[in-house]
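If you want the building blocks of each chain, they are given just below.
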Number of protein chains: 2
Amino acid sequence: MKNGRHIRIKDIAEKAGCSIGTVDRVIHNRGKVAEPVRQRILRIIKELDYKPNVNARVLASKQALTLGILLPSYKKGEYWELPCLGISEAMERYNEQGYNIEARWFTYNSPEKFHQAGMKMITDEIDGIILNPATYKESVRLVRSFFQNNKPFILIDSDIHGTPSLSFIGKDPVQSGLTVAKLIHQLTRHITGNKSVWIINLSIPSNQNYALLAREIGFMSYFADKQLRDDYSFQSIDMDDTGTQKVVDEQIGKLLATGNPHAIYVTGSRVHNIADSLKKFKPDPKPLLIGHDLIHKNMERVKDETIDFLIEEEARRQGYLAVESMIRSLTYKEVIQKKQMMNLMIYTRENLPL
Amino acid sequence: MKNGRHIRIKDIAEKAGCSIGTVDRVIHNRGKVAEPVRQRILRIIKELDYKPNVNARVLASKQALTLGILLPSYKKGEYWELPCLGISEAMERYNEQGYNIEARWFTYNSPEKFHQAGMKMITDEIDGIILNPATYKESVRLVRSFFQNNKPFILIDSDIHGTPSLSFIGKDPVQSGLTVAKLIHQLTRHITGNKSVWIINLSIPSNQNYALLAREIGFMSYFADKQLRDDYSFQSIDMDDTGTQKVVDEQIGKLLATGNPHAIYVTGSRVHNIADSLKKFKPDPKPLLIGHDLIHKNMERVKDETIDFLIEEEARRQGYLAVESMIRSLTYKEVIQKKQMMNLMIYTRENLPL
DNA sequence: TTGTACGCGTTATCAA
DNA sequence: TTGATAACGCGTACAA
């Protein structure tokens, strides 16, 4: 009302005939307010559609937050670097804006380490947790402890349905699979005769398997729904990721000896390994190659068209949003969307970013 | 750590042995500071890597800004609604954050109206201008006036090379064309014999023609570079957009009588008109249909797979970034990136957002 | 249970 | 050319 600007706590206090202290108490539920006064103030807040001034709030509030980040360990250039970049970016941005936020990083490469690190976050004075649930069983155990200790947490990249998380931020792996299937179908439909497709699950043993499986399920269901089973023959290949190109080469070599597929779908983020094998063996005609994630090595293979298409689900943005959501929830008690699904991008040589 | 976190103007003042008023003057170039003092303060700012506290700044600043938005007039559901949504979103967001910003909207449907509205923005007290340059000649005239009157402006959606704008926010139409070409090539390459492709320029006469042309150029150059000219035959079709489906139907009907193309590329945002024609005439086999922009009617045709792929360049985000960039430039004198290119998205039924 | 007063970092005004 | 000081809206400790 003043100068047509926003309404302040002071305006509410005036209208309610009390002091700003009292208004503040009802806004923050700090109790100790006479019930009738409380009701009146709440009504006025609704009536005037009061919205707190974020800037003043941050400026006045001296609270320091520490967030716990619990993610799989990774080497430079691997998938998890991307969400981490988003996390760092958000931290930096919010700190520059006068917030006082610190991140404490925890990584794991085994279910035991995962659980250990998780429990440490509870004993340490951590205000909010951002984690990627590794294996189902361990994650449920951990999440239960978070809940009991009243630690708010956000799930990132893959979900555990039904957990009392503030939010899940990630992707729909079934949709990913469907999209890849659509691409492969459209790109091979004019090939005469039966089309052979390899689905390669190249991943670290017993890690992240759920998402890869879900992708494969989405992939298969596309062909099932469209009654295309007779036109295609599929071969699912589980390949352990030992991290060395040589092992991949060996396996691909053996497979190629049995015949040359029309298309290859790699469900994990390590298509570049398969691409490198193809560059070595040069099968002719070159199979269509599709995979996931905008990591550096994959992009290089897209540039030279060994990889034809890359799917990605805004990995970096996931990290950014996780931090942002946690801060909003912690500092303003803002209610966060229960599910924040990323968009699904299709990249090829011509529309690669950068 | 608690108080030692960020450095404030006060810290600089102490170190420089002057008052915060003086520091403020050098930061904001309000002149009237003794040169040696000025140098000393600047050095200390660099040394301590001072970053202003955004919250305090917004809180204390009483300045009110009005932005002028100069865009083509549009009906609901048309392309320009998307950038406008982004603009509104940004306005809302920044106003909620305590900024005091007002938008004044101007639209045009002819070069004369465009110029008129532009000149009015100069006489009115407008602090910054966001505009889409309609025709080249008129735009250059207008931009010259902006420059002479010291009005900062941002170009949105399509560029005029070399203008002294704060920033250009938009897309690379040549890249769009290349991407569509890649898709059509890959999706038709296994068809035997010569493949026929229509390129339809369906647009309001003499409006936005430059971007559509650039897309077509990108499109053609893909096939030229790849030495594919002999495998494909192209037909460029200029179709006036009268806004009625009937006229489109007539023209498509005539064209189909001469033969059934393998693929159709519609360079504007009105693929849905072509899609509706195809639904009516049911050419068999159905040509591959690719177009631009996530407007409602297009998305409907993607859902029923009349349109196979849709390209879009983050239309909504363009509007958002334009407002954000202008505010940053105006309030903090921040230097804005000269070119902010949007990502190029590929959408099909399976990865359509929402 | 309620009210008051100070501080957060910056802008802007006025007096020196 | 400079310095002191009152806002800005909110959080909070302390007084009543």
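Our subject is the structure listed above.
Residues numbered from 1 in each chain as written. Chains lettered and ligands numbered in written order. Predicted model: local features only at pLDDT ≥ 70, side-chain atom pairs only at ≥ 80, totals over all residues. Heavy atoms only, no water.

A. The arrangement of the packing of helix α10 (residues 245-257) of chain B against helix α11 (residues 271-281) of chain B in detail. All names here are of chain B. At a minimum axis distance of 9 Å, the contact between α10 and α11 shows a crossing angle of 60 degrees. As far as their axial angle goes, α11 and α10 are oblique. Pair α10 / α11 crosses with right-handed handedness. The residues of α11 that touch α10, namely those facing Q245, V248, D249, I252, G253 and L256, are N273, I274, D276, S277, K280 and F281. In terms of residue class, the contact of α10 with α11 is built from 5 nonpolar, 4 polar and 3 charged. (Axes fitted to C-alpha atoms, helices over the stretch in contact; angles between N-to-C directions. Helix = DSSP H or I, 4+ residues; strand = E, 2+ residues; numbered from the N terminus. Parallel < 35°, antiparallel > 145°, perpendicular 65-115°, else oblique. Left-handed = near helix turned anticlockwise from the far one by under 90°. Contact = heavy atoms within 4.5 Å. Nonpolar A, V, L, I, M, F, W, Y, C, P; charged D, E, K, R; others polar.)

B. Region of interest: the protein's contact with DNA strand D. Lining the immediate environment of DNA strand D, one finds 22 residues, of which I9(A), Y50(A), R57(A), T22(B) and R25(B) sit closest. Separating a phosphate oxygen of DNA strand D from a side-chain N or O atom of D24(A) is a distance of 3.2 Å. Within the backbone of L59(B), a nitrogen or oxygen atom sits 3.5 Å from a base oxygen of DNA strand D. At the level of secondary structure, the elements contributing two or more residues to the surface near DNA strand D comprise α4 (54-60) of chain A together with α2 (20-27) and α4 (54-60) of chain B. Grouping the constituent residues of the surface near DNA strand D by class yields 12 nonpolar, 4 polar and 6 charged. (Near = heavy atom within 4 Å. Polar contact = N/O pair within 3.5 Å; in protein donor to acceptor, adjacent residues only side chain to side chain.)

C. Geometry of the relation of the copies chain A and chain B. Superposing chain A onto chain B takes a rotation of 180 degrees plus a shift of 0.1 Å along the axis, which leaves an RMSD of 0.2 Å. The operation mapping one copy onto its partner corresponds to a two-fold rotation axis. Same-surface contact between copies: 100% of interface residues of chain A are shared with the interface of chain B. (Least-squares fit on C-alpha atoms with pLDDT ≥ 70 in both.)

D. Quick look at the sheet that holds strand β7 (residues 232-240) of chain B. Residue and element names in this part refer to chain B. Pairing is mixed across the open sheet formed by 6 strands, whose spatial order is β7-β6-β8-β9-β10-β12. Edge strands, defined here as strands with exactly one partner in the open sheet, are β7 and β12 (345-347). Strand-to-strand twist of the sheet, defined as the mean angle between neighbouring strand axes without regard to direction, takes the value 20 degrees. Sheet topology places strand β8 (residues 263-266) next to strand β9 (residues 288-292); 3 bridges connect them, and they run parallel. The residue bridging Y265 from the neighbouring strand is I290, located in β9. (Pairing = 2+ DSSP bridges.)

E. Up close: the nonpolar core. Judged by nonpolar contacts, the single largest core of 48 residues is most densely connected at I200(A), I274(A), I200(B) and I274(B). In contact with I200(B), other than residues within four places in its own chain, are I237(B), M239(B), I252(B), I264(B), Y265(B), V266(B), T267(B) and I274(B). In this structure, I184(A), I290(A), L183(B) and F219(B) belong to the second largest nonpolar core, which totals 40 residues. (Core = buried A, V, L, I, M, F, W, Y, C linked by side-chain atoms within 4.5 Å. Buried < 20%, exposed > 50% of the residue type's maximum accessible area, 1.4 Å probe, protein only.)

F. Structural detail: the side chain of N273(B). All names here are of chain B. Tracing the backbone shows N273 in helix α11. In this structure N273 comes out as buried when scored by relative accessible area, which is 6%. For N273, the side chain forms a polar contact with the side chain of Q245, separated by 2.8 Å.

G. Up close: the packing of aromatic side chains. Counted according to the given criterion, the structure contains 22 aromatic pairs over all chains. Aromatic side chains Y79(B) and W80(B) sit 5.4 Å apart centroid to centroid with 80 degrees between the ring planes, which places their arrangement in the edge-to-face category. Each member of the pair, Y79(B) as well as W80(B), is classed as buried. Ring plane angle 80 degrees and centroid distance 5.4 Å describe the contact between Y222(B) and F223(B), whose orientation is recorded as edge-to-face. Here K195(A) stacks its cationic end above the ring of Y232(A), 5.2 Å away from the centre of that ring. (Phe/Tyr/Trp six-rings, centres within 6.5 Å; stacked < 30°, edge-to-face > 60°. Lys NZ or Arg CZ within 6 Å of the ring centre and 35° of its normal.)

H. Structural context of the sheet that holds strand β4 (residues 153-157) of chain B. Residue and element names in this part refer to chain B. Taken in spatial order, the 6 strands line up as β2-β1-β3-β4-β5-β11 in an open sheet, and their pairing is parallel. Two strands in the sheet have a free side with no partner beyond their single neighbour: β2 (101-108) and β11 (339-341). Averaged over all pairs of adjacent strands, the angle between strand axes in this sheet comes to 15 degrees, irrespective of strand direction. Relative to β4, strand β3 (residues 128-131) is paired through 3 bridges, and the arrangement is parallel. Among the inter-strand pairings, L131 is bridged to a residue of β4, identified as L155. Against the sheet, helix α13 (residues 315-332) engages β1 (65-72), β2, β3, β4, β5 (167-170) and β11, with an angle of about 170 degrees to β4.

I. Just helix α12 (residues 296-303) of chain A, in detail. Residues and elements named next belong to chain A. For α12, every residue scored as buried is listed here: N298, M299, R301 and V302. The buried residues of α12 occupy one face: seen down the axis, they fall within an arc of 160 degrees. Exposed residues on α12 whose side chains face more than 90 degrees from its buried face are H296 and K297. Along its buried surface, α12 packs onto α11 (271-281), β9 (288-292) and β10 (309-312). (Arc of directions from axis to C-beta.)

J. A look at the side chain of E314(B). Residue and element names in this part refer to chain B. Mapping E314 onto the fold places it in the loop between β10 (309-312) and α13. A relative accessible area of 12% means that E314 is categorised as buried. Polar contacts involving the side chain of E314 include one to the main-chain amide nitrogen of N343, which spans 2.8 Å. Once residues within four sequence positions are removed from consideration, E314 is found in contact with M342, N343 and M345.

K. The arrangement of the interface of chain A and chain B in detail. Contacts between the two partners involve 42 residues from chain A and, on the opposite side, 43 residues from chain B. Here chain A and chain B share an interface that buries about 3800 Å² over both sides, 50% of which is from carbon and sulfur atoms. The largest contributions to the chain A side of the interface with chain B come from N55(A), K182(A) and E350(A), which together make up 17% of the buried area. Along the contact surface separating chain A from chain B lie 7 salt bridges. In this structure, the connection of chain A to chain B is made through 16 residue pairs in polar contact (both at pLDDT 80 or more). Elements with a contribution of two residues or more to the side of chain A that touches chain B: α4, α5 (81-96), α8 (173-188), α13 (315-332) and β12 (345-347) of chain A. If one sorts the elements of the side of chain A that touches chain B by residue count, α8(A) sits on top with 7 residues. (Buried area = accessible area lost by both parts, 1.4 Å probe. Salt bridge = Lys/Arg side-chain N within 4 Å of Asp/Glu carboxyl O.)

L. Examining the protein's contact with DNA strand C more closely. With respect to spatial proximity, 23 residues lie near DNA strand C, and among them T22(A), R25(A), A34(A), I9(B) and Y50(B) are the closest. The sugar and phosphate moieties of DNA strand C supply 67% of its atoms located within 4 Å of the protein. Note that a base oxygen of DNA strand C is positioned 3.4 Å from one of the backbone N or O atoms of A60(A). With respect to DNA strand C, the backbone of N53(B) contributes an N or O atom lying 3.1 Å from a phosphate oxygen. Breaking the surface near DNA strand C down by element, the ones donating at least two residues are α2 (20-27) and α4 of chain A together with α4 of chain B. With 4 residues, α2(A) is the single largest residue contributor to the surface near DNA strand C.

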